[in-house]
Amino acid sequence: MGELTHKLEEVIEALKLALKEAENNFRRIQSLHGQNAISISDLDTSRKGVDTARANLDSAKQELELARKGPRIEDRDAAEASLQQAMAALAMARDRLGK
C-alpha cells in the first residue's frame, strides 16, 4: 500500500500543477476573448481544459483516499470466500490422491 499511495501522491502533485496551468491559460484566453482576439470556441475549449484538469485531480484524490483506507469489507469477504473454496478444493484433491 505504501508504494501505491506514494505514487498517487506524486500523481496528485502533477495534477495540481496541470490544473494551475489550465487555470492560468483560461485567464489568458478569457482576457483575449474580452478584447475580441479569441473566439468563444477557444474560450469554451480552455474552460473544458480547466474542468477536465479539476476532475482528474478530484479522481486521483479519491483513489488516494481509497488506497489509504485499504480493501473494503466486501472485498475482504470475497477474498476470504475464495480462500475457503480453494482450501476445500485442495482438501478434496488430497483426499482423492489418498484413495
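Residues numbered from 1 in each chain as written. Predicted model: local features only at pLDDT ≥ 70, side-chain atom pairs only at ≥ 80, totals over all residues. Heavy atoms only, no water.

Asks: Just give me the short version of the nonpolar core, but keep the residues and values in it.
Replies: If you look at the biggest cluster of nonpolar residues, it comprises 14 residues, and the most contacted ones within it are Ile 12, Leu 19, Val 50 and Leu 57. Other than its neighbours up to four places away in sequence, Val 50 contacts Leu 19, Ala 22, Glu 23 and Phe 26. (Core = buried A, V, L, I, M, F, W, Y, C linked by side-chain atoms within 4.5 Å. Buried < 20%, exposed > 50% of the residue type's maximum accessible area, 1.4 Å probe, protein only. Contact = heavy atoms within 4.5 Å.)

Asks: Help me get a handle on helix H2 (residues 40-69), residues and values and all.
Replies: Given a rise of 1.5 Å per residue, 30 residues ought to cover 44 Å, and the 43 Å separating the end C-alpha atoms of H2 matches this to within 8%. If you check which residues of H2 are buried, you get Leu 43, Ser 46, Val 50, Ala 53, Leu 57, Ala 60, Leu 64 and Ala 67. On its buried face, H2 is in contact with helix H1 (2-34). Positioned one or two residues after H2, Gly 70 has a phi angle of 85 degrees, which is positive. (Helix = DSSP H or I, 4+ residues; strand = E, 2+ residues; numbered from the N terminus. Expected span 1.5 Å × (residues − 1).)

Asks: Residue-level account of the environment of Lys 20, with values.
Replies: Its place among the elements puts Lys 20 in helix H1. Here the alpha-carbon distance between Lys 20 and Ser 59, two residues 39 residues apart in the chain, equals 16 Å.

Asks: Let's hear about the pattern of salt bridges: which residues, and what values?
Replies: Under the defined criterion, the tally for this structure stands at five salt bridges. With its nearest N and O atoms 3.1 Å apart, the salt bridge here joins Glu 23 to Arg 54. Taken together, the positions of Glu 23 in helix H1 and Arg 54 in helix H2 put the pair 31 residues apart, joining distant regions of the chain. Given the relative accessible area of 24%, Glu 23 is considered partly exposed. (Salt bridge = Lys/Arg side-chain N within 4 Å of Asp/Glu carboxyl O.)

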